[in-house]
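Structural features, examined
Listed below, chain by chain, are the residues.
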Amino acid sequence: MSQLVSCITEQHNWLLLLVAICVCTAGNLAGVFMLSRARQCVKAHRNLWLAVAGTVFGGTIWATHFIAMLSYSVPVSYRLVETGLSIVAAIAVSCLATFASLCGRARQGAVAAGVFLGLAIATMHTIGLSAISTSAIIEGDLGTEVAAWMLGGAFGVGAMLVLAHRMTGGRLILAALLIVGAVCSHHFVSMSGFDIVPLYSDAARTLTFIDRVGIAVGVCIVSSLLIATGVAALFFDRHLTDVKGLANATFEAVVLTRAGRIVHANERFAALIGKAVADLKSSVLSDFLVDRQGPQGVLKSPNGPVPVEIVEGIIEYRGRETSVLGLRDISERLEANRQLVHLASHDPLTGLLNRRSFASWSDEAIAEAAAGGNEVSLLTFDLDRFKAINDVHGHAEGDLILQQVADVLNASFDDRAIVARMGGDEFSVLLPGSQASAARQAAAAFFANFKSLFDAHEKAGALGVSVGIATFPEHGLELKQLQNNADAALYRAKSEGKGRICAFDRFLDQQLRTRRRLEEELRSAAQAGELFLLYQPIVETASGEPQGYEALLRWRHPTYGVLSPAVFIEAAEESGSIVEIGKWVLEEACHQAASWDDRLFVAVNVSTRQLISPDLIEHVTTALETSGLAPERLELEITETGLLEDRANVTQCLTTLAFIGVKLVMDDFGSGYSSITNLRRYPFHKVKIDRSYVAALDDDPVAEVIIDCTLALGKSLGLSIVVEGIETEAQRGRVAEKIPDQMQGFVFGRPDAMQDRTSVSEHEPRPKQAQRPVFTLR
């Protein structure tokens, strides 16, 4: 120990020794920071930084040893070859140490790196001493040398173990100081065991202190430049890598250009155009960025053109003015906008135009046709029995059917056709430049395609379609007018049995339009007080006295005057308003009949819709309760056609009505589906022979036979028989001879108001009024 202290205090120049320690500390600090950089950077740059760190460590070991030797008091000279070989050996073994630090597991790699670092110090020290062997005799102690090797290796292992864990600033400084300890401990312990004797007596004069200081300064400068170069590289790499990393971290493509040529681009830009970043330098930007229009352009890509949004600016890059472009891929945005526009203008289920877009496109087509003197045809489609598919198979299957109908429409018309789904199961097609005859042919072609698909369909075999056609300018000058007229033609197609193609007919469709308007007005007629009842007497054959009255409905229309049921009752049946109208008739007839003589009954007609309605029994009982009319004074007249619908429910309904005391009358017997079975199955107590047989008494002998047979049948079954339609005295006489229970007809009295004689009646003159609607009734 005293020999070591003596070596340090007596055999070295303190000034140069201090310089050596400072160089060692600075160099090792730079080395550990570079080693930390190697661990943090990407794999492509890691080997480079490991080599740089090894070079700095090796250069620092060599510079420290050389300056320390210059501070040694024994005058010696140095050979160039060994001196140069010593620095090469120090750097090479130090590089082994830095590469070993990142190999294998952290602890094993650290130990290996520490051993290599100690070996680098020892190797450099041994080769460095051999450089003075020509000017001095060196005698050393093996034990001291081994101790120096062990001590340097221990410090080196300790330093690398510190660096094996998380690299904080404190750990980096501690590791650097441990390496300084490794270098210094090895040098001083080793030198304390050597005796160096100059071979020449004038050796002291060959290398003065000033010369030593000069050489030391030169070594410091060289080592400092080496260290500074590494530190500068570390700084610039960290700075530039951070800038590049920031550019690569952004989701936007960034490219820097000068005079239209690419100076630098980030990885996002390279990925968009399908090239490597290194291949882009000096390339012409316009080779990749095409169709530039202001802030937007298109990038060429292996996968197809990529629309981009462009933001451009000017920056100073590497000391020169440079254009920087930020490019954002807007493919998804444009696709989203396209989808939004498509959703706004198309039906989401079928992909056809929606109602609004159809109107816009059709208005343009009609305007072009008007300017060119051409025709345009509008076809309106409505599916028949589509609701049954939804009810039976569900809405999912219904949606699939609608999509298939849309496919048939697209396949049946050319590219000029404007095809749309208007809503529900309604579709429209506008055919520019198409006359009515051509439109009908196109509709027929669609019919053929439709039938070929759906006639054999597993779930939509009963599906049909009706078509209405209107043509510009014959049937309208504007789209709305064409749609109204096409709808009128469509309504007629459905009224005539569905599955038809009907072109607009001004006369026929005006009738239907009037009928549809009456249907709408009829819904509110009762609430508006426009409905009223007239009564026709039903007389006893023997006495000729009224036994009751049949309630007959009339509608006092604000435009057409008083309308009979022949005008509006069928429309009421089809629209479903007959149920509410029938309820009003029951309540009104019972209310008025309650004020008559108790011997008189009131007869009210019940429609087929009412008969199958689950509310009929409630309507009858409510009318009887609120009016106070006895049930046996109410007769319900039911036609045989009503008995064909839902027989089980009809039987239960009629049985219930008979149970509460209401009388049931089979009306218009012999006019339709007359069946004796109905007289047996249902609880009728009266049969009314249809008026057509009385009217045919003079011309058709069979009519009288049927009347006679019906009278005989009724008496055999215990049923009362009423003969209606007796309008002349001659008819009255012939029928009276057959002695029916009751008779009814104009000869006994026309329909009239029972309470208010000033009310409108059938035989009173009518005020002048608008022409009544005329319908072609089925």
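Calculation criteria
Residues numbered from 1 in each chain as written. Predicted model: local features only at pLDDT ≥ 70, side-chain atom pairs only at ≥ 80, totals over all residues. Heavy atoms only, no water. Helix = DSSP H or I, 4+ residues; strand = E, 2+ residues; numbered from the N terminus. Buried < 20%, exposed > 50% of the residue type's maximum accessible area, 1.4 Å probe, protein only. Contact = heavy atoms within 4.5 Å. Areas by Shrake-Rupley, 256 points an atom, 1.4 Å probe, with all protein chains shown as cover. Axes fitted to C-alpha atoms, helices over the stretch in contact; angles between N-to-C directions. Parallel < 35°, antiparallel > 145°, perpendicular 65-115°, else oblique. Nonpolar A, V, L, I, M, F, W, Y, C, P; charged D, E, K, R; others polar. 1 Å grid on protein atoms, 1.4 Å probe; cavity = no way out; pocket = protein on both sides within 12 Å on 5 of 7 lines; lining within 4 Å. Points joined across faces, edges and corners; volume = space filled by probe spheres on them. Patch = residues over 30% accessible without salt bridge, like charges linked within 9 Å, V, L, I, M, F, W, Y side chains within 5 Å. Salt bridge = Lys/Arg side-chain N within 4 Å of Asp/Glu carboxyl O. Lys, Arg positive; Asp, Glu negative; His and termini not counted. Charge placed at Lys NZ, Arg CZ, Asp CG, Glu CD. Pairing = 2+ DSSP bridges. Core = buried A, V, L, I, M, F, W, Y, C linked by side-chain atoms within 4.5 Å. Phe/Tyr/Trp six-rings, centres within 6.5 Å; stacked < 30°, edge-to-face > 60°. Lys NZ or Arg CZ within 6 Å of the ring centre and 35° of its normal. Arc of directions from axis to C-beta. pLDDT = per-residue confidence, 0-100.

**A word on the overall build of the chain**
Secondary structure summary: the chain contains 27 helices and 22 strands in total. Within the chain, the proportion of its 778 residues that are buried is 46%. Of the contacts formed within the chain by residues at least 6 apart in sequence, a portion of 67% connects residues at least 24 apart. As displayed, the chain has an accessible area near 37,900 Å², and 57% of this comes from carbon and sulfur atoms.

**Describing the packing of helix α14 (residues 386–393) against helix α15 (residues 395–412)**
At a minimum axis distance of 7 Å, the contact between α14 and α15 shows a crossing angle of 140°. In terms of orientation, α14 and α15 fall into the oblique class. Listed contacts from α15 to Phe386, Ile389, Asn390 and His393 of α14 are His395, Glu397, Gly398, Ile401 and Leu402. For the contact of α14 with α15, the per-class residue count stands at four nonpolar, four polar and one charged.

**Quick look at the layout of surface pockets**
Using a probe with the size of a water molecule, rolled over the atoms, empty space left in the structure can be pinpointed. As a volume, the largest pocket reaches approximately 1,100 Å³. A breakdown of the residues in the lining of the largest pocket according to their chemical character gives 14 nonpolar, ten polar and eleven charged. Taken as a whole, the second largest pocket spans an internal volume of roughly 530 Å³. It is helix α17 (residues 479–495) that contributes the most residues to the lining of the second largest pocket, six residues altogether. Considering only residue class, the lining of the second largest pocket consists of five nonpolar, five polar and twelve charged.

**Examining a negative patch on the surface**
Together, Asp363, Glu364, Glu368 and Glu478 line one region of the surface with negative charge. Relative to the assigned elements, glutamate 478 resides in the loop between β12 (464–472) and α17.

**Let's talk about the pattern of salt bridges**
Applying the stated criterion to the full structure yields 20 salt bridges. Here arginine 734 ties to aspartate 698 by a salt bridge, and the two come within 3.0 Å at their closest N and O atoms. A residue pair is termed long-range when its members are at least 10 positions apart, and arginine 734 in helix α27 (residues 729–737) and aspartate 698 in the loop between α25 (691–695) and α26 (701–717) qualify at 36 residues. With relative accessibility at 28%, the residue arginine 734 sits in the partly exposed group. When its relative accessible area of 62% is taken as the criterion, aspartate 698 is described as exposed. Across the pair arginine 732 and glutamate 729 runs a salt bridge whose closest N-O atoms are separated by 3.8 Å.

**Digging into the sheet that holds strand β13 (residues 501–503)**
Across the sheet, five strands lie side by side as β10-β11-β9-β12-β13; this open sheet has mixed pairing. Both outer strands of the open sheet, β10 (418–423) and β13, are each paired with one neighbouring strand and no more. Going across the sheet, the axis of each strand differs from the next one's by a mean of 20°, ignoring polarity. Looking at chain direction, strand β9 (residues 376–384) and strand β11 (residues 426–432) are connected through seven bridges and run antiparallel. Note on β11: the bridge partner recorded for phenylalanine 381 is phenylalanine 427. Here helix α16 (residues 436–454) sits on the sheet in contact with β9, β11, β12 and β13, set at roughly 165° to β12.

**Comments concerning the nonpolar core**
Within soluble globular proteins, side chains that are nonpolar tend to cluster in buried spots. Val602, Val604, Val620, Leu634, Leu636, Leu643 and Leu654 are the most contacted members of the largest nonpolar core, which totals 66 residues. Here this core gets nine residues from one element, more than from any other, and that element is helix α20 (residues 578–593). The contact partners of valine 602, leaving out residues within four places of it in the chain, are Tyr535, Tyr549, Ala551, Ala589, Ala593, Trp596, Leu629, Arg633, Leu634 and Glu635. Counting 47 residues, the second-largest nonpolar core is a separate cluster that includes Ala38, Trp62, Met160 and Val180.

**Re the packing of aromatic side chains**
As enumerated under the stated definition, the model contains nine aromatic pairs in all. Geometrically, the ring pair formed by phenylalanine 381 and phenylalanine 446 is edge-to-face, given 4.9 Å between the ring centres and 70° between the ring planes. Remark: phenylalanine 446 occurs in helix α16 and phenylalanine 381 occurs in strand β9; sequence separation between them is 65 residues. We classify phenylalanine 381 as buried; its relative accessible area is 1%. Classification of phenylalanine 446 as buried rests on a relative accessible area of 1%. Relative to phenylalanine 450, the ring of phenylalanine 446 lies with its centre 5.7 Å away and its plane at 50°, an arrangement referred to as tilted. With phenylalanine 446 and phenylalanine 450 both in helix α16 and four residues apart, this pair spans about one turn of that helix. Through successive ring pairs, a cluster of aromatic residues spans Phe381, Phe413, Phe446, Phe450 and Phe454. Cation over ring: arginine 556 sits above phenylalanine 532, and NZ or CZ is 4.4 Å from the ring centre.

**Digging into a nonpolar patch on the surface**
Nonpolar side chains collect at one region of the surface, where Leu142, Val146 and Met150 lie side by side and expose about 350 Å² of accessible area between them. For leucine 142, the position within the fold is in helix α6 (residues 142–164).

**Remarks on the pairing of strand β14 (residues 531–540)**
Burial of β14 is extensive: nine of the ten residues sit out of reach of the surface. Looking at chain direction, β14 and strand β15 (residues 546–557) are connected through nine bridges and run antiparallel. Residue pairing across strands places proline 537 opposite tyrosine 549, the latter belonging to β15. Adjacent in sequence and paired antiparallel, β14 and β15 are bridged by five residues, among which glycine 544 carries a positive phi angle near 80°. The sheet contact formed by β14 and strand β22 (residues 742–744) spans three bridges and is antiparallel. Counterpart to valine 539 in the pairing with β22 is methionine 743.

**So, α14**
Listed as buried for α14 are Phe386, Ile389 and Asn390. Buried residues along α14 cover an arc of 95° about the axis, so they all sit on one side. Exposed residues lying more than 90 degrees from the buried face of α14 are Lys387, Asp391 and Val392. For α14, the elements touching its buried residues are β9 and α15. Glycine 394 sits one or two residues past α14 and shows a positive phi near 95°.

**A short note on empty space enclosed by the protein**
Scanning the model with the defined rule gives four cavities of 30 Å³ or more in all. Here the largest cavity defines a volume of roughly 50 Å³. Around the largest cavity, the lining residues are Leu17, Ala20, Ile21, Thr64, Ala68, Val183, Cys184, His187 and Phe188. When contributions to the lining of the largest cavity are tallied by element, the ones reaching two or more residues are α2 (14–40), α3 (43–70) and α7 (169–192). It is α7 that contributes the most residues to the lining of the largest cavity, four residues altogether.

**Re the confidence of the model for the chain**
Predicted confidence across the chain gives a mean pLDDT of 81, with 83% of residues reaching 70 or more. Within the model, pLDDT remains below 50 along residues 1–5, and this stretch shows five contacts once partners closer than five positions in the same chain are excluded.

**What to know about the side chain of asparagine 28**
Relative to the helices and strands, asparagine 28 resides in helix α2. A relative accessible area of 0% means that asparagine 28 is categorised as buried. Among residues more than four places away in sequence, those in contact with asparagine 28 are Phe57, Thr60, Ala176, Ile179 and Val180.

**A closer look at the environment of alanine 460**
Structurally, alanine 460 is set in the loop between α16 and β12. In this structure alanine 460 comes out as buried when scored by relative accessible area, which is 0%. Between the C-alpha atom of alanine 460 and that of glutamate 397, which follows or precedes it by 63 residues, the distance is 9.5 Å. Excluding residues within four positions of it along the chain, alanine 460 makes contact with Ile389, Ile401 and Phe454.

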